[in-house]
Amino acid sequence: MRTMTQQIVDFKKRPGVIRIVGHRGARGVFPENTMLGFEYTLASGVPLVEFDVVLTADDVPVITHNPTLHKPTFQDQAGQFISNELPIRSLSFAELGRYEVGKIDGTTSYGAAFPDQAQVAGLRVPALAELCALVKQPRHQAARLLLELKSDPSLTNMRSNFVAQVLRVIRDHGVAGQTVLHSFDWEILADCQAQAPDIPTSFLSIASNSEFDLPDDIPAHVKAAGGALWCPHFQDITAKDVADAQRMGLGVVVWTVNAISDIDQMIDFGVDAICSDYPERVQRRLSDRGLRWE
Ligand code: MG
């Protein structure tokens, strides 16, 4: 039995407190997975940040969502949104740094989904090391990282190296005690537990369109697999699912909850934490309902 580490306590509700997690920083407000977005989220008084990590050709863990460049959010050196989604794994960190990621293409459905997102020149894909250095600063000692390992199921043979490279950065910066390792790929989480038994794991699930097979009783499976958090898509759960998982000792973190009516429903369901592209919107609902976050 794993002991409950402080970073897991910080993802769990307590009387009067429901946690807020900034999704990709605060994707609805600032460019996703950028240092600006993380700084904004932390400055807003939301210490829990979710983000996505992949590996470059030269084994640098970087913060970006897809295993490839992403047409609606990557601009080339001419300032044009890209037309070719090269694999991140084919580019060195220096080569990746030639692209800007501070704007979103409003002519795409993806861009249209975030009409309020700030458009900022000069932002690059950050190395994981940059975010670790930020949260290591004394003023951010309350910050917690929900670090999603974006595994590409076709690259199973590189799981171990991916985990090792991510852990090396976390250890080098002394932020293991602020980190939770998070993934849809439960095999990579087993690798995380083997390589870093001191860092808790968080199991993502989505019932539809999943690349990964899901067991019937997901919370029981997560518990048996040594997980600390279960992170279902918010439309997949009932209040009973939440209560059942919590009774097993799991924290329940739902994603990605952006509409006020959905935020209210998740509060009513009794979840531990709400992961949102609009963390300030969740703050406002909690405030209006006489609740707090921390
Ligand atoms: Mg993610």
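In this report, the structure presented in the accompanying data block is examined. Every value quoted in this text rests on a predicted model; they were computed, and no experiment measured them. (Residues numbered from 1 in each chain as written. Predicted model: local features only at pLDDT ≥ 70, side-chain atom pairs only at ≥ 80, totals over all residues. Heavy atoms only, no water.)

**Topic: the nonpolar core**
A general tendency of soluble globular proteins is for nonpolar side chains to be buried together. One finds Phe51 and Ile274 to be the most contacted residues of the largest nonpolar core, which totals 56 residues. If you tally residues by element for this core, the top one is helix α6 (residues 159–172), at 6 residues. The contact partners of Ile274, leaving out residues within four places of it in the chain, are Ile18, Arg19, Ile20, Val21, Val254, Val257, Ile263, Met266, Ile267 and Val282. Membership of the second largest hydrophobic core comes to 15 residues, among which are Val180, Leu204, Trp255 and Ala273. (Core = buried A, V, L, I, M, F, W, Y, C linked by side-chain atoms within 4.5 Å. Buried < 20%, exposed > 50% of the residue type's maximum accessible area, 1.4 Å probe, protein only. Helix = DSSP H or I, 4+ residues; strand = E, 2+ residues; numbered from the N terminus. Contact = heavy atoms within 4.5 Å.)

**Thoughts on the side chain of Arg27**
When you line up the elements, Arg27 lands in the loop between β1 (19–22) and α2 (35–43). The exposure class of Arg27 is buried, given its relative accessible area of 9%. In terms of polar contacts, Arg27 uses its side chain to reach the side chain of Tyr110, at 2.9 Å. With residues up to four places along the chain from it excluded, the contact list for Arg27 reads Glu32, Tyr110, Phe114, Gln117, Thr256 and Asp277. (Polar contact = N/O pair within 3.5 Å; in protein donor to acceptor, adjacent residues only side chain to side chain.)

**Section: the pattern of salt bridges**
Applying the stated criterion across every chain, the model contains 22 salt bridges. The partner of Asp288 in a salt bridge is Arg284, and the shortest N-O contact between them spans 3.0 Å. With Asp288 and Arg284 both in helix α11 (residues 279–288) and 4 residues apart, the pair spans about one turn of that helix. Owing to a relative accessible area of 44%, Asp288 belongs among the partly exposed residues under this scheme. Overlapping salt bridges bring together Asp264, Asp268, Arg284, Arg285, Asp288 and Arg289 as one network. (Salt bridge = Lys/Arg side-chain N within 4 Å of Asp/Glu carboxyl O.)

**Comments concerning the packing of aromatic side chains**
Taken as a whole and assessed by the stated rule, the structure comprises 6 aromatic pairs. Here Phe74 and Tyr99 contribute two aromatic rings whose centre-to-centre distance is 6.2 Å and whose plane-to-plane angle is 65°, an arrangement assigned as edge-to-face. Linking Phe74 in the loop between β3 (61–63) and α3 (93–96) with Tyr99 in the loop between α3 and α4 (109–112), this pair joins segments that are 25 residues apart in sequence. We classify Tyr99 as buried; its relative accessible area is 15%. Aromatic side chains Phe184 and Trp255 sit 5.6 Å apart centroid to centroid with 80° between the ring planes, which places their arrangement in the edge-to-face category. Here Phe184, found in the loop between β5 (179–183) and α7 (186–195), pairs with Trp255, found in the loop between β8 (251–254) and α10 (260–269); they are 71 residues apart in sequence, far enough to count as distant. (Phe/Tyr/Trp six-rings, centres within 6.5 Å; stacked < 30°, edge-to-face > 60°.)

**Considerations on the environment of Gln141**
Along the chain, Gln141 turns up in the loop between α5 (128–136) and β4 (144–149). Using a relative accessible area of 62% as the deciding quantity, one classes Gln141 as exposed. Note: C-alpha distance between Gln141 and Gly106 (35 residues apart in sequence) is 36 Å.

**Comments concerning α7**
Within α7, burial applies to Trp186, Ile188, Leu189, Asp191, Cys192 and Gln193. If you follow the buried residues of α7, they end up packed against β4, α6, β5, β6 (201–205) and α8 (218–224). Among the residues of α7, the N-terminal cap falls to Asp185, whose side-chain oxygen and the backbone nitrogen of Glu187 are separated by 3.0 Å.

**Here's the deal with the side chain of His140**
Along the chain, the position of His140 falls in the loop between α5 and β4. With a relative accessible area of 10%, His140 lands in the buried category. Apart from residues lying up to four places away in sequence, His140 is in contact with Leu42, Leu134, Val135 and Gln178.

**Some points on the packing of α2 against α5**
The contact between α2 and α5 brings their axes to 11 Å, and the two run at 25°. Our classification of the angle between α2 and α5 gives roughly parallel. For α2 against α5, the interelement crossing comes out right-handed. Contacts between α2 and α5 involve Met35, Phe38, Glu39 and Leu42 on the former and, on the latter, Glu130, Leu131, Leu134 and Val135. In terms of residue class, the contact of α2 with α5 is made up of 6 nonpolar, no polar and 2 charged. (Axes fitted to C-alpha atoms, helices over the stretch in contact; angles between N-to-C directions. Parallel < 35°, antiparallel > 145°, perpendicular 65-115°, else oblique. Left-handed = near helix turned anticlockwise from the far one by under 90°. Nonpolar A, V, L, I, M, F, W, Y, C, P; charged D, E, K, R; others polar.)

**Considering the coordination of the magnesium ion**
Binding of the magnesium ion to the protein goes through Glu50 (OE), Asp52 (OD) and Glu148 (OE), at separations of 2.0 to 2.1 Å. Donor residues for the magnesium ion sit on one chain with the sequence pattern E-x1-D-x95-E. For the residue pair Glu50 and Asp52, the accessibility class agrees, reading buried in each case. (Donors = N, O, S within 2.8 Å, 3.2 Å for Na, K, Ca; no water.)

**Here's the deal with helix α9 (residues 239–247)**
Turning to α9, its buried residues are Val242, Asp244 and Ala245. The buried residues of α9 occupy an angular sector of 165° when the element is viewed end-on, so they sit on one face. Exposed residues on α9 whose side chains face more than 90 degrees from its buried face are Lys240 and Arg247. If you follow the buried residues of α9, they end up packed against α8, β7 (229–232), β8 and α10. Gly249 sits one or two residues past α9 and shows a positive phi near 100°. (Arc of directions from axis to C-beta.)

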